[in-house]
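# Observations on the three-dimensional arrangement
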Protein chains: 4
Amino acid sequence: MKPVCLVIGAGAGIGGNVANRFAREGYHAVLCRRSDTGGLDRIVKEIDDTGGSASGHVLNIVEPDSLEGLVANVEAEVGPIEVAVYNLGAQIGTKALADTSYKAFEVGWKLGTFGLFRLASAVFPAMVSRGKGTLLVTSATAAMRGNAGQHSHTAAMGGRRMLCQSLNAEFSSQGIHVAHVIIDGAVDSPDTLGKMLGRQKFEALRKRQGMQHDGLILPAEVANTYYHLATQHRSAWTHEVDLRAHSDRPWWNH
Amino acid sequence: MKPVCLVIGAGAGIGGNVANRFAREGYHAVLCRRSDTGGLDRIVKEIDDTGGSASGHVLNIVEPDSLEGLVANVEAEVGPIEVAVYNLGAQIGTKALADTSYKAFEVGWKLGTFGLFRLASAVFPAMVSRGKGTLLVTSATAAMRGNAGQHSHTAAMGGRRMLCQSLNAEFSSQGIHVAHVIIDGAVDSPDTLGKMLGRQKFEALRKRQGMQHDGLILPAEVANTYYHLATQHRSAWTHEVDLRAHSDRPWWNH
Amino acid sequence: MKPVCLVIGAGAGIGGNVANRFAREGYHAVLCRRSDTGGLDRIVKEIDDTGGSASGHVLNIVEPDSLEGLVANVEAEVGPIEVAVYNLGAQIGTKALADTSYKAFEVGWKLGTFGLFRLASAVFPAMVSRGKGTLLVTSATAAMRGNAGQHSHTAAMGGRRMLCQSLNAEFSSQGIHVAHVIIDGAVDSPDTLGKMLGRQKFEALRKRQGMQHDGLILPAEVANTYYHLATQHRSAWTHEVDLRAHSDRPWWNH
Amino acid sequence: MKPVCLVIGAGAGIGGNVANRFAREGYHAVLCRRSDTGGLDRIVKEIDDTGGSASGHVLNIVEPDSLEGLVANVEAEVGPIEVAVYNLGAQIGTKALADTSYKAFEVGWKLGTFGLFRLASAVFPAMVSRGKGTLLVTSATAAMRGNAGQHSHTAAMGGRRMLCQSLNAEFSSQGIHVAHVIIDGAVDSPDTLGKMLGRQKFEALRKRQGMQHDGLILPAEVANTYYHLATQHRSAWTHEVDLRAHSDRPWWNH
């Protein structure tokens, strides 16, 4: 039975590439995303076609028991979750305070903070009983500093970062590696940036900034760092790491 | 008509002392707390007796429209809210992840993060129209770093800190001063620390650490810094400040 | 005998204004600056004329024993240094790495970091023996993040910030209050910004950004916060505080 | 001609292991340390014996032109320095302020901050002309927070961290990858920790904390992360990463 890498938020960007990377290394990848069965199937098939092992679930993790049920099911039916990846964003676009509804603020928290708490609560007991496990958390610039028009996003991500530190404080000595990965820039991802900008603007941005100059973060490259984190020896674990394009400025410089 | 200082979370600790301090400087203090009408009345009376002006409200701000109604009512009936103080804690005591219920985690967010978002949403439009206003936010060690047994608290406070930065980014140039005040240590407060520890332990702690050695943060002294922040000229505003007892170690040293 | 407020780096900006503010509160201000006897005399006279007490020293503190001799002399002849203010900048303008000489980098350290170490070494023994004292350290954006063209300045200021924390860790429980004040923006100061920009550009900037919109930090307002810090009760001391103009962006947003 | 990995500070700990790791990947490792020719020769021989390529230099980099001469010589005679590793510590042990001499404080700066500035000044021009290069900087807890008895060390490392950010700001878009690696705990290294503690205490610590529980950072494991950093694609570079033993607490929790 293969060890499982469970990816919550597995589109064609970081999530799908991380799933793919771990599958190449011998994990069974369980991919979970909210919608787009077709897109999900494509990634699963791509992994299968290259000799990897994967399965997919369309699931709205905001629903009660959704995430919890998935974790229980995977542990019972598929294999031990050795690596869990929380890759859900909570970006709702730039909105002034007056335009940020209570609902939007709450959804930000549900995806940005509470979902991670639920995943850790569901997946850590089995990891603790096995004495090992890895939780990789995709995070964002918004975890490091607030910004105009980002009320929901930064509150959610600030909570996410502190939660990662709290989880680390309780669980690292029990063998669970928690890493908070700051994705500090735009990712070349059709399923997130692509949908936010629209196809045309996205392709223009890719041409202008991305393809020739490596000015957009390539998710397949991010996946290499995720895999490296999961292979770190427990005498030298990373809790926090940042990633950005060489031609971009870090969050403290813009 | 006096300018109003609205204090959300006004017990016998920082909240009540801040209310008292601003009342002495000519503000009408509106005190709001969840329970203990008797305790609230005592603080209001104390302010009245020393020549100040104050009124009190027992209100569970978690309830929908509670905070929003209070703000609307004060602006309509009492006076312009020039200073709003968000002083609600979200500490639920030390709890392992397994003992932190979804409910507790959500309540932490409602008090720690969402309540501040609601207050800012309610009170900023009038401040913007007047071209000035101050929002003073009591925060905690937990906003700066996660820690074991603090999953709910640190997630809530991490969100609070980032939200303060986002509010500042949108509103400081419109004349609204947002300050995030890190209370980095135990406060000599019967209504919070006293209730958490129980009377006996609290009095023992006061004897051992507080009274002779000034090793507990005195809320009346904190109130001086809150008042100073509210008087800063807009050419030299503070967004973040920390406070702790001289004999205590800052969060980065323990 | 009046208590002394010793200001290292006392031009017409923050230093002179802080000296003036403490003099108004009953301190004897000892002002120290590297050059411009005329400018120094003007500030001393201004303090005298308004009923305060002050004296001035032209001194290049980079010289061996200069700072040390001054401190010994003041303690012996003038009065107990209750408040020491380290207000020397280390900004050498924007310079690419290739244009930053070893000499410039070293001077940055001598003014930015080493001078503070020397001041603390000289002034703390007497403060410890008296069981109280305050060290207020003017710092800068450059203490919080590096930036292009700021190699010397940020290295010096990063060292300054960490040194302040180390001093605080050893001395706060002995009654010495160390505060690191982040001046996060341009100061309306003829002796520093004025000299850096030249008179014409400086006056244009003042017209455009400063005078009507309070977009330059007014040093007299900064002095109010310095004085507040020195009056904080030891149960509620601030170690770090930031200051910027309301219309400016904080360092994490630009 | 092999690309060169130049390691400044190459003892039996992180430096030597990093040299070894890069040599295994096809680099020629140039090792530089202040003393112990025998120890240096052993590491070089070990690399040679396992099929790698290395050379060693005993050099006191504090001496003028030492580092600069080495860089020029390597570039001219050995090969292009593709990776430079600055691995000099500046820890002088726990010393109260009164016991920290000016000399000790200055040496801390020379090793901790200035040496890195000199290395970057010497090695970046060739890297820029080639459009690529990597500078990996070993750093420490002391770069993140001050602490009692650490005046020299934290000032030096605080400067180091800010300098890394300044170098990154100027050079990342020119293809030079600068990474600041926070070694946040004790390293199982005979040449540094071993010498500081003495052989007996060091071996006792290794037995108690290290070998069974992986409670000391293993330098060979650190070297894996250094190598990973050097292989990151320029669309996804890390500037800052922390490393500690799973059983240890991060700097913000102790």
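Everything numeric here is computed off the predicted structure, so don't read it as measured data.

Let us now look at the overall build of chain A. Counting its secondary structure elements, chain A contains eight helices and seven strands. The C-alpha radius of gyration computed for chain A amounts to 17 Å, which stays within 12% of the reference 18 Å derived for 254 residues, consistent with globular compactness. In terms of overall dimensions, chain A has a C-alpha envelope of 45 × 40 × 35 Å along the principal axes. In chain A, buried positions account for 61% of the 254 residues. For chain A, the computed accessible surface area is about 9,100 Å², with 50% contributed by carbon and sulfur atoms.

Let's shift gears to the packing of aromatic side chains. Aromatic ring pairs are described here by two measures, namely the spacing of the ring centres and the angle between the planes. Counting across every chain of the model gives 48 aromatic pairs over all chains. Summarising the aromatic geometry, the rings of Trp-251 of chain C and Trp-252 of chain C are spaced 5.5 Å apart at their centres and angled 85 degrees between planes, so their arrangement reads as edge-to-face. Since its relative accessible area comes to 11%, Trp-251 of chain C is described here as buried. Assessed through its relative accessible area of 5%, Trp-252 of chain C is described here as buried. An aromatic cluster of three or more residues is present, and its members are Tyr-102, Phe-105, Trp-109, Phe-114 and Phe-117 of chain A together with Tyr-102, Phe-105, Trp-109, Phe-114 and Phe-117 of chain B.

A word on the relation of the copies chain C and chain B. Take chain C, turn it by 180 degrees, move it 0.0 Å along the axis, and it overlays chain B with an RMSD of 0.0 Å. Considering both components of the superposition, the chain copies are consistent with a two-fold axis. Every residue of chain C has its C-alpha some distance from the rotation axis, and the shortest such distance is that of Val-241 of chain C, at 2.3 Å. When the interface residues of chain C are mapped onto chain B, 100% of them again fall at the interface, so both copies present the same face.

Here the focus is the relation of the copies chain B and chain A. When chain B is fitted onto chain A, the two copies agree to an RMSD of 0.0 Å after a turn of 180 degrees and an axial shift of 0.0 Å. Looking at chain B, 100% of its interface residues are interface residues in chain A too, so the copies touch through the same face.

For the rest of this paragraph, the subject is the nonpolar core. Counting 176 residues, the largest nonpolar core has Phe-124 of chain A, Phe-124 of chain B, Phe-124 of chain C together with Phe-124 of chain D as its most contacted members. Not counting the four nearest positions on each side in its chain, Phe-124 of chain C is found in contact with Leu-135, Leu-167, Phe-171, Ile-176 and Val-178 of chain C together with Leu-97 of chain D.

A word on the interface of chain C and chain B. Contacts between chain C and chain B engage 37 residues on the former and 37 residues on the latter. The contact between chain C and chain B buries some 2,900 Å² in all, and 49% of this surface belongs to carbon and sulfur atoms. Contact with chain B buries area across many residues of chain C, yet Arg-234, Ser-235 and His-246 of chain C alone supply 24% of it, more than any other trio. Taken together, chain C and chain B are joined by two salt bridges. One salt bridge in this structure joins Arg-234 of chain C and Asp-214 of chain B, with 2.7 Å as the shortest N-O distance. The interface formed by chain C and chain B holds 24 residue pairs in polar contact (both at pLDDT 80 or more) in total. Elements represented by at least two residues in the side of chain C that touches chain B include exactly α5 (151–171), α8 (219–231) and β7 (240–243) of chain C. With five residues, α8 of chain C is the single largest residue contributor to the side of chain C that touches chain B. Class assignment of the residues belonging to the side of chain C that touches chain B gives a composition of twelve nonpolar, 18 polar and seven charged.

Residue and element names in this part refer to chain B. Interaxial distance between helix α1 (residues 14–24) and helix α8 (residues 219–231) falls to 8 Å at its minimum, and their mutual angle equals 50 degrees. By the angle class used here, α1 and α8 are oblique. Pair α1 / α8 crosses with right-handed handedness. Across from Ile-14, Asn-17, Val-18, Arg-21 and Phe-22 in α1, the residues of α8 making contact are Pro-219, Ala-220, Val-222, Ala-223, Asn-224, Tyr-226, Tyr-227 and Ala-230. Taken together, the residues of the contact of α1 with α8 break down into ten nonpolar, two polar and one charged.

What follows covers the interface of chain B and chain A. Much of the literature gives interface size as the accessible area that the parts lose upon coming together. Taken together, the contact between chain B and chain A spans 38 residues of the former and 38 residues of the latter. Summing both sides of the interface, chain B and chain A together bury roughly 2,900 Å²; the carbon and sulfur share of this comes to 71%. In terms of surface lost to chain A, no three residues of chain B exceed Leu-97, Tyr-102 and Phe-117 of chain B, which account for 24% of the buried area on that side. Our count for the contact surface shared by chain B and chain A stands at zero salt bridges. In this assembly, chain B and chain A are joined by twelve residue pairs in polar contact (both at pLDDT 80 or more). When contributions to the side of chain B that touches chain A are tallied by element, the ones reaching two or more residues are α4 (102–130) and α5 (151–171) of chain B. Here the side of chain B that touches chain A gets 13 residues from one element, more than from any other, and that element is α5 of chain B.

All right, on to the pattern of salt bridges then. For the coordinates displayed, the defined rule picks out 60 salt bridges over all chains. The partner of Asp-191 of chain D in a salt bridge is Arg-33 of chain D, with the nearest N and O atoms 3.2 Å apart. Of the two residues, Asp-191 of chain D sits in the loop between β6 (176–183) and α6 (193–197) while Arg-33 of chain D sits in strand β2 (residues 28–33), which places them 158 residues apart along the sequence. Classification of Arg-33 of chain D as buried rests on a relative accessible area of 9%. Three or more residues are tied together by salt bridges with common partners; here these are Arg-33, Asp-36, Asp-191 and Lys-195 of chain A.

Turning to helix α7 (residues 199–210) of chain A, a few remarks are in order. All names here are of chain A. Burial in α7 covers these residues: Phe-202, Leu-205 and Gly-210. In a view along the axis of α7, the buried residues occupy a sector of 75 degrees, so they form one face of it. Exposed and facing more than 90 degrees away from the buried side of α7 are Gln-200, Lys-207 and Arg-208.

Attention now goes to unusual backbone geometry. Residues other than glycine seldom take positive phi values, yet Asp-36 of chain B does so here, at roughly 70 degrees. Relative to the elements of secondary structure, Asp-36 of chain B occurs in the loop between β2 (28–33) and α2 (37–49).

The next subject is the pairing of strand β1 (residues 4–8) of chain B. All names here are of chain B. Counting buried residues along β1, five of its five residues qualify, which places the element largely inside the surrounding structure. The alternating pattern of β1 places Val-4, Leu-6 and Ile-8 and Cys-5 and Val-7 on opposite faces, both of which are buried. As judged from the five bridges shared by β1 and β2, these two strands associate in the parallel manner. Opposite Val-4, over in β2, you have His-28 as the bridge partner. Between the parallel pair β1 and β2, the chain is carried across by α1, and the sense of this crossover is right-handed. Across five bridges, the pairing between β1 and strand β4 (residues 81–86) is parallel. Along β4, the bridge assignment pairs Ile-8 with Tyr-86.

A word on the packing of α4 of chain B against α5 of chain B. Residue and element names in this part refer to chain B. Two elements in contact, α4 and α5, have axes separated by 7 Å at closest approach and are oriented at 15 degrees. With respect to α5, the axis of α4 lies roughly parallel. The way α4 lies across α5 gives a crossing that is right-handed. Here α4 contributes Ala-104, Phe-105, Gly-108, Trp-109, Leu-111, Gly-112, Thr-113, Leu-116, Phe-117, Ala-120, Phe-124 and Val-128 to the contact with α5, which in turn contributes His-151, Ser-152, Ala-155, Ala-156, Gly-159, Arg-160, Leu-163, Cys-164, Leu-167 and Phe-171. Residue classes in the contact of α4 with α5 are distributed as 15 nonpolar, six polar and one charged.

What follows concerns the environment of His-239 of chain C. Tracing the chain through its elements places His-239 of chain C in the loop between α8 and β7. Sequence separation of His-239 of chain C and Cys-164 of chain C is 75 residues, and the distance between their C-alpha atoms is 8.6 Å. Filtering out sequence-adjacent residues up to four positions away, His-239 of chain C remains in contact with Asp-242, Arg-244 and Trp-252 of chain B together with Cys-164, Gln-165, Asn-168, Val-178, Ala-179 and His-180 of chain C. From its side chain, His-239 of chain C meets the backbone oxygen of Val-178 of chain C in a polar contact 2.9 Å long.

Chain-level pLDDT for chain A is 96 on average; 99% of the residues reach the 70-or-more range. With pTM at 0.97, the complex prediction returns an ipTM value of 0.96.

Here is what the cut-offs are and how they apply
Residues numbered from 1 in each chain as written. Chains lettered and ligands numbered in written order. Predicted model: local features only at pLDDT ≥ 70, side-chain atom pairs only at ≥ 80, totals over all residues. Heavy atoms only, no water. Helix = DSSP H or I, 4+ residues; strand = E, 2+ residues; numbered from the N terminus. Rg over C-alpha atoms; globule rule 2.2 N^0.38 Å. Buried < 20%, exposed > 50% of the residue type's maximum accessible area, 1.4 Å probe, protein only. Areas by Shrake-Rupley, 256 points an atom, 1.4 Å probe, with all protein chains shown as cover. Phe/Tyr/Trp six-rings, centres within 6.5 Å; stacked < 30°, edge-to-face > 60°. Least-squares fit on C-alpha atoms with pLDDT ≥ 70 in both. Contact = heavy atoms within 4.5 Å. Core = buried A, V, L, I, M, F, W, Y, C linked by side-chain atoms within 4.5 Å. Buried area = accessible area lost by both parts, 1.4 Å probe. Salt bridge = Lys/Arg side-chain N within 4 Å of Asp/Glu carboxyl O. Polar contact = N/O pair within 3.5 Å; in protein donor to acceptor, adjacent residues only side chain to side chain. Nonpolar A, V, L, I, M, F, W, Y, C, P; charged D, E, K, R; others polar. Axes fitted to C-alpha atoms, helices over the stretch in contact; angles between N-to-C directions. Parallel < 35°, antiparallel > 145°, perpendicular 65-115°, else oblique. Left-handed = near helix turned anticlockwise from the far one by under 90°. Arc of directions from axis to C-beta. Pairing = 2+ DSSP bridges. Right-handed = clockwise from strand over helix to strand, strands pointing away. pLDDT = per-residue confidence, 0-100.

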